[in-house]
Structures are given as C-alpha cells and as structure tokens.
Amino acid sequence: MASLDIDEVRACFPSLESGYIYADNAGGSQTAQGVIDRIVDYLTNTNVQLGADYFVSVLSTKRVDEGPFAIAELFNAASIDEVVFGPSSTMMLENIARALENDIQPGDEFIITYEHEANNGPWKRLAERRNAVVKYWQPTPVSTENPYSVAYKVEELLQLVSSRTRLAAITACSNILGSLVPVEEAVKALRQRAKEQGARKVEVCVDCVAHAPHRKMDVQQWDVDYCVFSLYKVYGAHNAVVYVRPAAMQTSLTSLAHNFLKVDDKPYKLQPGGPGYELVYGATAIVPYLKSLTPEDDLVASFNAIADHEQNLLAPLLGFLTDARQVDRGVRIVGTSEINLSRVPTVSFVVAGQNAIKSKDIVGAFDKKGGIGIRYGHFYAYSLIENLRPKLDVNDGVVRISLVHYNTVEEVEKIVNVLREVLV
C-alpha cells in the first residue's frame, strides 16, 4: 500500500506554510489550494446567473454542473440526480425533515443517536409536529475502568426496532468519540429486524460529517436513503451536500422548491434557492486532490493511505493520554482508547477526580502558549455530553484534539509536550 508524501500533502494547503498547528480539524479542515483557485477563477471570470444563452453564462452553467459529478464520486452515488448542494449539513437535514413531513404518520418511530444535533434536532422537531415517537440509541461504556469509554453497539440499536420504526438517523463517526460505526453492518441488521417486526417503511439517514475526511463513503454498499457531509471538513469551502436515494426523492419527499418547478425527481426539490455557485465549482477540486495522494489515482487507495497515516498520529497522542501516570492524574478518554482502524484521530478527554482541571483551562493553556489550535466544549453533541456519567459540566465539556492527514507526527509531539506541562 502506498504511503503519503507528507511534504507534498502539506504543499497543497497554503495556510500550513505559517507553521501554525491546526488541531481543531473536526470543526473544519484547511482548504486545498485547488479549491481556492477554482473559487477565485469562478468569481473572477464566470460570476453570472446560470441558464442564459450568452457565452459567460453558458460557461458558468457548465462549471456548476460539474459539481454533482465530483460529489457523486465521493458518495459512490449512482447518479448526479442523487446529489443535493446546500449551505450546511444542519440546513440540509432540516430541509429533508421538512420535505418528509407529509409521509410521516402519528405513532411512527424515529431512532436517533446522542451525536451532533444536526442529525437529531430536525427529527425531534418533525416528531413533535407529526406526533411521532423518538427513541435514542445510546452509547454505553466498553471498559469498567473508565465510565466515559462509551461506544455505540449494534445489538443495542436492534433492541429499539419495532413494527412502527420509520426512520433511523445514525452517525458514521462520532465527532466527540472519534469511533467509527460499522454502517453497512448496522443498516443490514436494522433492516432485517424491521422486516421481522413488520415495519411498513424504514429509511436510514447517515451523518458522515466526521467520517468523510478520514474514510471512503459508499452509499450504495451501505444501503442508506440519505447521507450528508460538510465540504468544509473535507478540504473544501463552507458548504455541504446530501445524497438522496431516488425512491426516497420520488415517493417520500415533498418539494421545497417553487410550486411551478417540475422537480419531483431532481435535486432542486430540496433546494429552496440555488447553491453558492462558486462553492459548487470549488468542490470539483476535492476529488482530484484526494486522488493525487497515491499513484493509483484512486479514492479507495487514497483513503487507505490516509487511514494508515492517521494511525501514526493517534499512537503518540493516545499513548500519552492513556499512560498510567496520566490515568492516575485523572485523565479519562471520552470514547475508546484503542489505537486501530476502528477510530479516527479525533481524541476527546477530561481530567476528573480530586485534582480535576476544567477543559476550558487546559485549552486556555494552549492558547496562552500560542501556535497550536485545539478546542473544548460539547461540539453540538449536547445530548452525548449531558448524558455521560459521572456527570460533566456540559458547557465545559471535553478537550478535543482532532487531526487529519496533513498533520504530522512532529506536530503531535509538540501537542503532547504542552499537555505534559499542563498535566503536571
């Protein structure tokens, strides 16, 4: 398997030239130069309305039309008609929930996680409007020695399935825990259980926001109906995309577009207005960048190389935080602490016990030193933090260090050196 040339990788991100260590990547990645170039090119040379017959509009339309092809490849969608652009994952999921409203019956059941509110809030509000029922797939501890070592277990998901199950809104990767959910396994088991229970119609919505920077997506292999991720966390600009299965587009969703537009089977059905044109064109540079990471010119090979490199980042960070001295100090990983391909390099922790340290104060020590960006809080996974036991201050939350493939082992060592000073 090819390995990453980290110098070539970092050369693709102009912001990295400063030497600043970006370790809050789960909140948003840096933007690849190719994306920046295309946005500037669009705004400089083709910033006109689409659909007209004059030359610049024709070129502008052609450029924007390239966007869905790139995203379909990232999703492994079968058609560009399954790809919808929008301003954010939160807004895209809210739009889906609004469009789904007429297809929900009183008593229908939604299964949701304790993850990011983007894939929770829309379904809770929809349930309230339609008198549906919300059930929670809760993460539970995997270690008796650390009550915060929570993970999602497929067998606990299946216990929630009934004849009234209508929707399961799950995550592919936790933005707090850093753990990957086996989506294909979970969806297959869920659909089988729902069939056995006699459920009339079950759709699955997957939040891939924390997954997409680290692993290849495959909506066809996963057998899901909706899938969303944010491009600004996958080396692009600040917009988002959602995959919609054609059957769901045609039979489950009511159009949010202008009433005179015939878009029953088209992405525009979920776009009350046009997407940011320059951002859509900018997204066409993401796939070429990712493919350039390995000689195979292939997304699977590139994501395999990314995952392999990220294990090298995880090892020194988790190794330090789980060392016996740090455990005695009160450091507790929030999530699992294994260094393997079941997790991405998003690492959250707290310092508890008699000599507890507020997460805010740990991050404040980094801010005072300068040169490294990490963060604390609940990161919009409010329910997850609120339901951890022993109870945490939800607003102080956790310290989160989130890395991606352009980070280096040397950067991680610098982060660990600061942690060593703070946790004395």
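Residues numbered from 1 in each chain as written. Predicted model: local features only at pLDDT ≥ 70, side-chain atom pairs only at ≥ 80, totals over all residues. Heavy atoms only, no water.

Counting secondary structure elements, the chain contains 16 helices and 15 strands. Over its C-alpha trace the chain gives a radius of gyration of 22 Å, about what one expects of a compact globule, namely 22 Å for 424 residues. With the C-alpha coordinates of the chain rotated into their principal frame, the extents come out at 65 × 55 × 40 Å. When the 424 residues of the chain are sorted by exposure, 56% land in the buried category. A separation of at least 24 residues holds for 67% of the contacts in the chain among residues at least 6 apart in sequence. As displayed, the chain has an accessible area near 17600 Å², and 50% of this comes from carbon and sulfur atoms. Averaging the locations of the 41 positively and 52 negatively charged side chains of the chain gives two centres separated by 6 Å. (Helix = DSSP H or I, 4+ residues; strand = E, 2+ residues; numbered from the N terminus. Rg over C-alpha atoms; globule rule 2.2 N^0.38 Å. Buried < 20%, exposed > 50% of the residue type's maximum accessible area, 1.4 Å probe, protein only. Contact = heavy atoms within 4.5 Å. Areas by Shrake-Rupley, 256 points an atom, 1.4 Å probe, with all protein chains shown as cover. Lys, Arg positive; Asp, Glu negative; His and termini not counted. Charge placed at Lys NZ, Arg CZ, Asp CG, Glu CD.)

Turning to the side chain of Glu-411, a few remarks are in order. The residue Glu-411 is located in helix H16 (residues 409-422) in this model. Ignoring anything within four residues of it in the chain, the contact list for Glu-411 reads Arg-10, Tyr-20, Ile-21 and Tyr-406.

Within the open sheet, the 7 strands sit side by side as S2-S10-S9-S8-S7-S3-S4. Their pairing is mixed. Here the strands that pair on one side only, and so sit at the sheet edges, are strand S2 (83-86) and strand S4 (133-137). In this sheet, neighbouring strand axes are inclined to one another by 20° on average, regardless of whether the strands run parallel or antiparallel. As judged from the 5 bridges shared by strand S3 (residues 109-113) and S4, these two strands associate in the parallel manner. What sits directly across from Thr-113, in S4, is Trp-137. The strands touched by helix H4 (residues 89-100) within the sheet are S2, strand S7 (165-171), strand S8 (203-207), strand S9 (226-230) and strand S10 (240-244), with S9 carrying the most contacts at an inclination of about 155°. The sheet contacts of helix H5 (residues 121-130) involve S3, S4, S7 and S8, and relative to S3 the element is tilted by about 160°. (Pairing = 2+ DSSP bridges. Axes fitted to C-alpha atoms, helices over the stretch in contact; angles between N-to-C directions.)

Our next topic: the environment of Ala-307. When you line up the elements, Ala-307 lands in helix H12 (residues 299-321). Considered as a pair, Ala-307 and Val-344 are 37 residues apart in the sequence and their alpha carbons are 7.7 Å apart. Not counting residues up to four positions away in its chain, the partners in contact with Ala-307 are Arg-215 and Leu-341.

This brings us to the packing of helix H14 (residues 359-369) against H16. For the pair H14 and H16, interaxial distance at closest approach is 10 Å and the crossing angle is 120°. Relative to H16, the element H14 is oriented oblique. The handedness of the crossing between H14 and H16 is right-handed. Seen from H14, the contacting residues are Ile-362, Ala-365, Phe-366 and Lys-369; seen from H16, they are Ile-415, Val-418, Leu-419, Glu-421 and Val-422. Looking at the contact of H14 with H16, its residues break down into 7 nonpolar, no polar and 2 charged. (Parallel < 35°, antiparallel > 145°, perpendicular 65-115°, else oblique. Left-handed = near helix turned anticlockwise from the far one by under 90°. Nonpolar A, V, L, I, M, F, W, Y, C, P; charged D, E, K, R; others polar.)

On to the packing of aromatic side chains, then. Here the structure, examined in full by the defined rule, presents 12 aromatic pairs. Pairing Phe-110 with Trp-123 gives two aromatic rings, centres 6.4 Å apart and planes at 75°, and the pair type is edge-to-face. In this pair, Phe-110 sits in strand S3 while Trp-123 sits in helix H5, placing the two residues 13 residues apart along the sequence. Accessibility classification places Phe-110 together with Trp-123 in one group, the buried group. Pairwise contacts between aromatic rings join Phe-13, Tyr-235, Tyr-289 and Tyr-406 into one cluster. Across the ring face of Phe-379, the terminal group of Arg-400 is positioned such that the distance to the ring centre comes to 3.8 Å. (Phe/Tyr/Trp six-rings, centres within 6.5 Å; stacked < 30°, edge-to-face > 60°. Lys NZ or Arg CZ within 6 Å of the ring centre and 35° of its normal.)

With omega at 0°, the peptide bond leading from Arg-389 into Pro-390 counts as cis. Here Pro-390 is to be found in the loop between helix H15 (382-386) and strand S15 (398-402). Here Tyr-235, not a glycine, exhibits a phi torsion of approximately 75°, which is positive. Looking at the secondary structure, you find Tyr-235 in the loop between S9 and S10. The phi dihedral of Asp-297 falls on the positive side, at around 55°, and the residue is not glycine. Following the sequence through the fold, Asp-297 ends up in the loop between helix H11 (286-291) and H12.

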